[in-house]
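# Architecture at a glance
Chain by chain, the residues run as shown.
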Amino acid sequence: LHELFLLRRAVYLFMWRADHDIDKVRHDVTVWLNLLQSRVPGVAVLPVVTHIDCVSASDLEQQCQDVKAAMLTWEEKQKKLENATEVPLVRVLNSANSFRVNCLKGEGVAQLRKAVLDAAETTRGFREPMPKSWVQLRDQVREMAKTQRYMSWTEFTTLAQQECGITDKMLLVLASFLHETSELRFFGLEMMKQRKENLEVFLTSMLGQDSVGSDAD
């Protein structure tokens, strides 16, 4: 999973198959949670098991317990790290119990869908208001995406500043925001990190000045 597709404003599903080697699944739990913790700490994760019709009920139960134990063990280890209180921990939802899904019969799909929607409401920025200029730029980016696959940084800054009145100080912040809300893929995230800007601080300072209600997702 490339870090370009790891977003803070997202809900993640850890999908595993009941008919796969459980030792590898347990290993993948650690690798996958470590990746999320290192790149997008604090995000929500829902464990999901598929192909439940391919194993016996007893085997499925044992495997689900094994995966749960692996996730809880990872969580406990993270809490013992020196910087545990400084970095938000990836949140494994549903008490680390895997949602059981049979795609052939549709079993468990409705429950999983509801869990995803409920988790989405806990993500950062859910239904937050946005400045009008940000909404305008977002809509123009959506329109441009219909006819072109990418734009240069120069094109982006020209569009933002001349068409939408975005200040130079806000360019990297807004580009990162559009990336985190999946409006575009921004390849300058390292620039953003070097600036050490806090998106939430900017949003707080902007709200109430030039904002309208809009879903950020």
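Here the residue index of a chain counts from 1 through its sequence in written order. Local features in this predicted model are restricted to residues whose pLDDT is 70 or higher, and side-chain atom pairs enter the listing and the counts only when it is 80 or higher, whereas totals over whole chains, interfaces and linings include all residues. Here the side-chain values reflect all heavy atoms present in the structure, with hydrogen atoms and water set aside.

Next up on the list: the overall build of the chain. Within the chain one finds eight helices and six strands. Each helix corresponds to a stretch of at least 4 residues labelled H or I by DSSP, and each strand to a stretch of at least 2 residues labelled E; elements are numbered beginning at the N terminus. Tracing the chain from N to C terminus, the helices and strands come up as β-α-β-α-β-β-α-β-α-α-α-α-α-β. For the chain, buried positions account for 41% of its 217 residues. Here the contacts in the chain between residues at least 6 apart in sequence split such that 75% fall between residues at least 24 apart. If you sum the accessible surface of the chain, you get close to 12,500 Å²; carbon and sulfur atoms cover 52% of it. Relative accessibility decides the category of a residue: with a 1.4 Å probe and only protein chains considered, values under 20% of the type maximum give buried, values over 50% give exposed, and everything between is partly exposed. Here, two residues are considered to be in contact whenever any of their heavy atoms come within 4.5 Å of each other. The Shrake-Rupley method, run with a 1.4 Å probe, gives the accessible areas here. Residue values count only the displayed protein chains as cover.

With that out of the way, let us pick up unusual backbone geometry. Glycine aside, negative phi is the norm for most residues, and most peptide bonds take the trans geometry. Its identity as a non-glycine residue notwithstanding, H51 has a phi of 60°, on the positive side. Looking at where H51 falls in the secondary structure, it is placed in the loop between strand 2 (44–50) and helix 2 (57–79).

Before going further, it helps to examine the confidence of the model for the chain. On a scale of 0 to 100, pLDDT captures the predictor's confidence in every residue. For the chain, mean pLDDT is 85; residues scoring 70 or higher make up 84% of the total. Note that pLDDT drops below 50 for residues 208–217; the model gives that stretch 29 contacts with residues more than four away or on any other chain.

Turning our attention to the side chain of T157. With respect to the helices, strands and loops of the structure, T157 is situated in helix 5 (residues 153–164). Once you skip the residues sitting within four places of it in the chain, T157 turns out to touch Q162 and L171.

Right, let's talk about the nonpolar core for a bit. Considering soluble globular proteins, one finds that nonpolar side chains tend to be buried as a cluster. Throughout this description, the term nonpolar core refers to a set of buried Ala, Val, Leu, Ile, Met, Phe, Trp, Tyr and Cys residues connected via side-chain atoms within 4.5 Å. With 27 residues, the main nonpolar core has Y12, F14, W16, L33, L36, V45 and M71 as its most contacted residues. Of all the secondary-structure elements, those providing two or more residues to this core are strand 1 (11–17), helix 1 (22–39), strand 2 and helix 2. One finds F156, L171, L178 and F186 within the second-largest nonpolar core, a separate group that totals 20 residues.

Time to look at the packing of helix 4 (residues 132–144) against helix 6 (residues 171–180). As a packed pair, helix 4 and helix 6 sit with axes 11 Å apart at the nearest point and diverge in direction by 55°. Relative to helix 6, the element helix 4 is oriented oblique. Crossing of helix 4 over helix 6 shows right-handed handedness. Residues W134, L137, R138 and V141 of helix 4 form the contact with helix 6, whose participating residues are V173, L174, F177 and L178. Note on residue classes: Ala, Val, Leu, Ile, Met, Phe, Trp, Tyr, Cys and Pro are nonpolar, Asp, Glu, Lys and Arg are charged, and everything else, Gly too, is polar. Among the residues making up the contact of helix 4 with helix 6, the classes are represented as seven nonpolar, no polar and one charged. Axes here mean lines fitted to C-alpha atoms, for a helix over just the part in contact, with angles spanning 0 to 180 degrees between N-to-C directions. Should an angle lie under 35 degrees it is considered roughly parallel, over 145 roughly antiparallel, and from 65 to 115 roughly perpendicular; all remaining angles are considered oblique. The hand of a helix crossing depends on one turn: near helix anticlockwise from the far one by less than a right angle means left-handed, and clockwise means right-handed.

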